Amino acid sequence: MFMKLGFDGTSIDAVAEAACMSKRTVYARYRDKNELFSAVLRDLIDRWLVPINQFQLGTHELEPMLMEIGRHLLGSALAPQVVSLHRIILGESERRPAFGRLANAEGRQPAIRAIAAALRRQASQLRVNDLECAAEQFISLVIDSDLRLAAFGIGPAPDEIEGRVRQAVDLFLHGVCGR
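Residues numbered from 1 in each chain as written. Predicted model: local features only at pLDDT ≥ 70, side-chain atom pairs only at ≥ 80, totals over all residues. Heavy atoms only, no water.

K.L.:
Would you take a moment to explain the environment of Ser124 for this structure?
P.N.:
Counting through the fold element by element, Ser124 comes out in the loop between α7 (97-120) and α8 (131-151). Exposure remark for Ser124: the relative accessible area of 75% places this residue in the exposed category. Between the C-alpha atom of Ser124 and that of Cys177, which follows or precedes it by 53 residues, the distance is 9.6 Å. (Helix = DSSP H or I, 4+ residues; strand = E, 2+ residues; numbered from the N terminus. Buried < 20%, exposed > 50% of the residue type's maximum accessible area, 1.4 Å probe, protein only.)

K.L.:
I'm lost on the nonpolar core in this one. Help?
P.N.:
The tendency in soluble globular proteins is for nonpolar side chains to be buried side by side. Judged by nonpolar contacts, the single largest core of 53 residues is most densely connected at Phe37, Leu66, Leu73, Ile115, Leu119 and Phe138. If you list the elements that add at least two residues to this core, you get α1 (2-9), α2 (12-18), α4 (33-53), α5 (62-77), α6 (80-92), α7, α8 and α9 (161-177). Among residues more than four places away in sequence, those in contact with Phe37 are Phe2, Phe7, Leu85, Ile88, Ile89 and Phe99. (Core = buried A, V, L, I, M, F, W, Y, C linked by side-chain atoms within 4.5 Å. Contact = heavy atoms within 4.5 Å.)

K.L.:
Quick question: what am I supposed to make of the packing of aromatic side chains here?
P.N.:
Geometry of an aromatic ring pair is reported as the spacing of the ring centres plus the angle between the planes. If you walk through the whole model with that rule in mind, you get six aromatic pairs. Pairing Phe2 with Phe37 gives two aromatic rings, centres 5.1 Å apart and planes at 85°, and the pair type is edge-to-face. Taken together, the positions of Phe2 in helix α1 and Phe37 in helix α4 put the pair 35 residues apart, joining distant regions of the chain. Exposure class is identical for Phe2 and Phe37. Each is buried. The structure contains a cluster of three or more aromatic residues connected by ring pairs, namely Phe2, Phe7, Phe37 and Phe99. Here Lys33 stacks its cationic end above the ring of Phe7, 4.5 Å away from the centre of that ring. (Phe/Tyr/Trp six-rings, centres within 6.5 Å; stacked < 30°, edge-to-face > 60°. Lys NZ or Arg CZ within 6 Å of the ring centre and 35° of its normal.)

K.L.:
Explain the pattern of salt bridges here, please?
P.N.:
One side chain can pair with another of opposite charge once the charged atoms of both are near each other. In total, this model carries 12 salt bridges according to the counting rule given. Glu92 is the salt-bridge partner of Arg96, the closest N and O atoms lying 2.3 Å from each other. Across the pair Asp170 and Arg166 runs a salt bridge, and its minimum N-O distance is 2.9 Å. Placement of both Asp170 and Arg166 in helix α9 is noted, with a separation of four residues, approximately one turn of the helix. For Asp170, a relative accessible area of 37% translates into the label partly exposed. Here the salt bridges share partners, and the residues they tie into one network are Asp8, Glu92, Arg95 and Arg96. (Salt bridge = Lys/Arg side-chain N within 4 Å of Asp/Glu carboxyl O.)

K.L.:
How should I be thinking about α9 in this particular structure?
P.N.:
The periodicity of an α-helix, 3.6 residues per turn, causes residues three or four places apart in sequence to face the same way. Here α9 spans 23 Å end to end across 17 residues, near enough to the 24 Å set by a 1.5 Å rise per residue. Every buried residue belonging to α9 is among Ile161, Val165, Ala168, Val169, Phe172, Leu173 and Val176, and all of these are buried. Taken down its axis, α9 places every buried residue within 130° of arc, on the same side. Of the residues in α9, the exposed ones pointing more than 90 degrees away from the buried face are Gln167 and Leu171. (Expected span 1.5 Å × (residues − 1). Arc of directions from axis to C-beta.)

Here it is in structure tokens:
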């Protein structure tokens with residue numbers, strides 16, 4: 001409902017009705033609509049971060065590993081649910097900055113740490129010391145521009161994603177490896 005109707009357009013009454021439960025049951029689980037939205041956001045972040053943590057475990061070569069991570073990042077970021085939540089977080093950021101802090105603390109920062117850990121295994125090939133900064137820059141190259149455009153309704157077509165990831169990985173490798 002949040003994704004379809006936005007934050008203000010979603011009521012606890014409507015959520016309770018759609019979930020076939022009483023309003024009282026919803027309030028027993030969530031103190032208010034802010035807490036309910038935060039739970040929705042956490043659920044999506046948890047589903048998104050599970051796959052990204054696998055990149056810490058593999059022994060991939062640097063470039064194919066970054067392509068795999070980039071495909072996951074951009075594919076996840078451009079999912080309609082994520083784009084909708086991104087719009088809500090941006091729209092509510094002045095009145096409810098906790099949503100942005102939650103998305104950053106439980107979504108982006110763990111992703112940065114996971115990518116930094118994957119980069120750490122390839123540190124001998126890199127000419128950077130701050131791997132978390134490099135991981136954050138990688139995420140920015142892969143996601144930020146396309147997510148911003150998708151939030152405006154003009155994101156890349158599905159058949160453009162591979163090329164977008166390839167460009168980001170090439171630019172990143174050019175910077176961190178001097179290629």
